[in-house]
Amino acid sequence: MKEDRIGIPDFMEKTSDNYYKRPRQNLDIEVDDDYRLAKENSLNPKIVQAKRSRKKLSIGKCVTAGIAFVTIASGVNMGVSYIQDERNLHNYLEPLNQVLVDNSGRTQGNDGYWINDVAVANTYREMIDQGEYDELAVAYFVTQRLTDTYEQDEADTIFDIALGEDRNEWAQKRGYSGIDDPAFLSESRTMLLRNMNSKDSQDELGAMLSDSVVAIDTQVKGMGGR
Amino acid sequence: MKEVEMYSFDNKNYFLLSKIGTYLYLSNEDNPKDIMIRKVDPNHDDVLLPLDSDEEFEDALLLLTRKKGGQE
């Protein structure tokens, strides 16, 4: 167990609001090795020329690979505050997700799904006009949610109608190379969290002021009753 | 069975688990512990670029978990 400078074991881990690494001593060594290997593979500076093809694989093999990624992501290097931020962001964006869910369904034969992109876009536009969300939140949600190849036409339409322009042009006007620029999602996430925290602070301030008004009002009434 | 995209290099076959933006999430067909995240070259679909930093690796991992979480 480590001690911080004021001598309280694990004090910083339990109290810091800042991003920090999860203590590693309890992590499974095998997960640690998998994480290290995946990182080495990913950061290996060698530029690879791959040969592309298509192949049929068992569902189990795909699921195993998914589990491997999720395991290293959840087991290592996810700060608790980061997870909390994710949860807050997820809750904040859930109404946008619900619009998508309400306007999508499975195709006949159950071999695909459809999205009523125009209805989704119009609803998002209304939400923006009514001040429920800003353009950044909608752009971020659509970009990180509709990522599969067969969803790109729908993402285009939603951008065109809800935000009024082509999504790459929308991103470029904000200094990104395009909507696929990894910096867009990363920086948008940070800005959304900042906006959410700012709104929470304003709400808290508003509640405090409201409480003060009630308290003053009560005092005045009390004085008036004398 | 599911049809997947394969990327073959260094005498290994990796299948594409997911693609988010320019990030490719690849898994060795013969070894599920051999996984990696690479960026596709915007000008050449078959050229795979390395990630730039530990931070980018963690961000890319979180993008995947966020996507999977959103689908649940």
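These numbers were taken from a predicted model, which means no experiment stands behind them. (Residues numbered from 1 in each chain as written. Chains lettered and ligands numbered in written order. Predicted model: local features only at pLDDT ≥ 70, side-chain atom pairs only at ≥ 80, totals over all residues. Heavy atoms only, no water.)

1. Let's talk about the overall build of chain A
Then comes step 1: Across its full length, chain A carries nine helices and four strands.
Then comes step 2: Listed N to C, the secondary structure of chain A is α-α-β-β-α-α-β-β-α-α-α-α-α in terms of helices and strands.
Then comes step 3: Among the 226 residues that make up chain A, the fraction classed as buried is 37%.
Then comes step 4: Excluding contacts between residues fewer than 6 apart, the proportion of contacts in chain A whose partners are at least 24 apart in sequence is 61%. (Helix = DSSP H or I, 4+ residues; strand = E, 2+ residues; numbered from the N terminus. Buried < 20%, exposed > 50% of the residue type's maximum accessible area, 1.4 Å probe, protein only. Contact = heavy atoms within 4.5 Å.)

2. Topic: the interface of chain B and chain A
How big an interface is tends to be expressed through the accessible area that disappears when the partners come together.
Then comes step 1: The partner chain A presents 51 residues to the 50 residues of chain B that form the contact.
Then comes step 2: Between chain B and chain A lies a buried interface of about 5,000 Å² when both sides are counted; carbon and sulfur atoms form 58% of it.
Then comes step 3: Counting every contact that joins chain B to chain A gives six salt bridges.
Then comes step 4: Here E3(B) makes a salt bridge to R54(A), at a shortest N to O gap of 3.3 Å.
Then comes step 5: Here chain B and chain A share 19 residue pairs in polar contact (both at pLDDT 80 or more) between them.
Then comes step 6: Of all elements in the fold, only β1 (2-9), β2 (12-20), β3 (23-28), β4 (31-41), β5 (44-49) and α1 (54-71) of chain B reach the threshold of two or more residues within the side of chain B that touches chain A.
Then comes step 7: With 13 residues, the top contributor of residues to the side of chain B that touches chain A is α1(B).
Then comes step 8: Within the side of chain B that touches chain A, the residues separate by chemical class into 25 nonpolar, eight polar and 17 charged. (Buried area = accessible area lost by both parts, 1.4 Å probe. Salt bridge = Lys/Arg side-chain N within 4 Å of Asp/Glu carboxyl O. Polar contact = N/O pair within 3.5 Å; in protein donor to acceptor, adjacent residues only side chain to side chain. Nonpolar A, V, L, I, M, F, W, Y, C, P; charged D, E, K, R; others polar.)

3. With respect to the packing of aromatic side chains
Then comes step 1: Considering all chains together, one arrives at eight aromatic pairs over all chains under this definition.
Then comes step 2: Ring geometry for F69(A) versus Y25(B): centroids 5.7 Å apart, planes at 80°, classification edge-to-face. Of this pair, F69(A) sits in helix α3 (residues 59-75) while Y25(B) sits in strand β3, each in a different chain.
Then comes step 3: Note on Y25(B): relative accessible area 0%, which makes it buried.
Then comes step 4: Each ring, one from Y176(A) and one from F184(A), has its centre 5.5 Å from the other, and the planes form 75°; the classification is edge-to-face. Note on accessibility: Y176(A) and F184(A) belong to one class, buried.
Then comes step 5: Members of the aromatic cluster, each reached through a chain of ring pairs, are F159(A), W170(A), Y176(A) and F184(A).
Then comes step 6: Between the NZ or CZ atom of R174(A) and the centre of the ring of W170(A), over which it lies, the distance is 3.9 Å. (Phe/Tyr/Trp six-rings, centres within 6.5 Å; stacked < 30°, edge-to-face > 60°. Lys NZ or Arg CZ within 6 Å of the ring centre and 35° of its normal.)

4. Side note on the pattern of salt bridges
All names here are of chain A.
Then comes step 1: Across all of its chains, the model carries 14 salt bridges over all chains by this definition.
Then comes step 2: Two residues, R125 and E135, come together in a salt bridge whose shortest N-O distance is 3.9 Å. Pair noted here: R125 is in helix α5 (residues 117-129) and E135 is in helix α6 (residues 135-145), with a separation of 10 residues, a long-range link.
Then comes step 3: Of the residues examined, R125 reaches a relative accessible area of 26% and is grouped as partly exposed.
Then comes step 4: E135 gets classed as partly exposed once you look at its relative accessible area, which sits at 24%.
Then comes step 5: D156 is paired through a salt bridge with R167; the nearest N and O atoms lie 2.7 Å apart. Separated by 11 residues along the polypeptide, D156 in helix α7 (residues 152-163) and R167 in helix α8 (residues 167-172) bring together distant segments of the chain.
Then comes step 6: Each member of the salt-bridge network shares a partner with another, and the members are R125, D129, E135 and R174.

Function cannot be inferred from these measures alone, as they are strictly geometric.
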